[in-house]
Amino acid sequence: MPANPYQSIESGTPGRIGWRIHYFDEVGSTQKVAAELAEEGAAHGTIVIAERQSAGRGRMGRSWHSPPGLNLYQTIILRPAMPLAEVPRLSLVAGVAAAEALETVAPGMVALKWPNDVWLRGRKAGGIIAEAVTDPGQGLKCVLLGIGINVNLAADQIPDELRDKATSVRIATGRLCDRIALEAALCNRLDSRYMEVQQHGFAAVRPAWQGYSALTGRRVTIVDGDARIAGTVRGIDAEGALMLDTASGPTRILTGDVSVEGAYD
Ligand code: BTN
């Protein structure tokens, strides 16, 4: 393995997603390394990739299984000019970019589960987390966009507790996948989708997200702490909220600390 196998796909100048890719053999979490680089002033579009993570983080305090040499674990430093409340939309934008990149290696198998899961053939192959870094006045300094994709993980390398729900590109397609080429596709799609949102707003990528939506028309239960809301998914609105038809009428669910049950039935 060369010192930085991803250096060959760095492209553009500071401000383009993927202009600089920092590569590590092992980190605790790429989120933490990226936070340190961002604090030192790293430009928009800087990426941190690791071969393995000893403390990979998922949403809602979960861990992210991060064995070495198989998958993609990365954090992208974004410096958007947007209100803090709109940051969760960036994980939806990243979901579209990840779906479009995966389409190149697993055509017809990709779907998105609101808010942040990437599916291949109905199982989770990727997850996205968008963490905002704020200044003392709560202004947005940057966003740490974490993306984990199971690429060459084999079925017998999935931990028992994830076996029914997780997959990888290799499992879904039956083929090994070139991680560098997949990363190049992801940088291209994310840079393009991000610019689209900057110019035209989130509504511009909404149709693409809806096109990949795994849950539209399905009955699900939204879990928010102790609260539960059951309903049928109608899609997402122009602000990225999940639209649900419930017994008490149409309901908008905002991205936050919620999870969706019933999706794997
Ligand atoms: C989720 O589905 O809960 C989100 C998972 C995000 C995992 C990625 S892997 C790279 C980056 N570093 C982390 O510690 N987490 C994110």
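Once a new chain begins, its residue numbering starts again from 1 and follows that chain's sequence as written. Given that the model is predicted, a residue must reach a pLDDT of at least 70 before its local features are reported, and side-chain atom pairs must reach 80 or more before they are shown or counted; all residues, however, enter totals for whole chains, interfaces and linings. Computation of side-chain values: all heavy atoms of the structure, hydrogens and water removed.

Caption draft 1: The arrangement of the environment of D160 in detail. Strands here mean DSSP runs of E at least two residues long; helices mean DSSP runs of H or I at least four residues long; both are numbered from the N terminus. Here D160 shows up in the loop between strand 7 (140–149) and helix 3 (169–173). Each C-alpha atom, one on D160 and one on W64, is 14 Å from the other, the two residues being 96 residues apart in sequence. Engagement of the side chain of D160 in a polar contact is seen with the side chain of R163, the distance being 3.0 Å. Pairs of N or O atoms are called polar contacts if they sit within 3.5 Å, as long as, within protein, a hydrogen donor faces a hydrogen acceptor (for residues adjacent in sequence, only side-chain-to-side-chain pairs).

Caption draft 2: Layout of the site of the ligand. Think of it this way: one heavy atom of a residue within 4 Å of a molecule or strand is enough to make that residue near it. Near the ligand lie 21 residues; those nearest to it are S29, Q53, R57, R59 and K124. Here R57 contributes a backbone N or O atom positioned 2.6 Å from an oxygen atom of the ligand. Here an oxygen atom of the ligand and a side-chain polar atom of N116 are 3.5 Å apart. Method for areas: the Shrake-Rupley scheme with a 1.4 Å probe, in which residue coverage is limited to the protein chains shown. Computed on the free molecule, the ligand has an accessible area of 410 Å², of which 98% lies beneath the protein chains in the complex. Of all the secondary-structure elements, those providing two or more residues to the shell around the ligand are helix 1 (30–39), strand 3 (72–78), strand 6 (123–134) and strand 7. Among the elements that take part in the shell around the ligand, strand 6 stands out by supplying 4 residues, more than any other. Of the residues in the shell around the ligand, the class split is 5 nonpolar, 12 polar and 4 charged. Three categories are distinguished: nonpolar for Ala, Val, Leu, Ile, Met, Phe, Trp, Tyr, Cys and Pro, charged for Asp, Glu, Lys and Arg, and polar for the others, with Gly belonging to the last.

Caption draft 3: Expanded view of the domain arrangement of the chain. Per the domain assignment, the segments of the chain are domain 1 (7–211) and domain 2 (215–261). As annotated, the domain borders come from an automatic or database domain assignment. Placing the centre of domain 1 and that of domain 2 at their C-alpha centroids yields a distance of 23 Å. Across the contact, 15 residues belong to domain 1 and 18 residues belong to domain 2. Buried area, as used here, totals the accessible surface that two parts lose on assembly, with accessibility defined by a 1.4 Å probe and the loss added over both. In this assembly, domain 1 packs against domain 2 so that about 1,400 Å² is buried in total across both faces, 63% of it on carbon and sulfur atoms. When residues of domain 1 are sorted by the area they lose upon contact with domain 2, M60, W114 and R206 head the list and together hold 42% of the total. Any Lys or Arg side-chain nitrogen located within 4 Å of an Asp or Glu carboxyl oxygen qualifies as a salt bridge. One can count 0 salt bridges joining domain 1 with domain 2. For the interface between domain 1 and domain 2, the tally reads 4 residue pairs in polar contact (both at pLDDT 80 or more). Within the residue set of the side of domain 1 that touches domain 2, elements represented by two or more residues are helix 2 (88–103) and helix 5 (206–212). Residues count as neighbours in contact if any of their non-hydrogen atoms are within 4.5 Å of one another.

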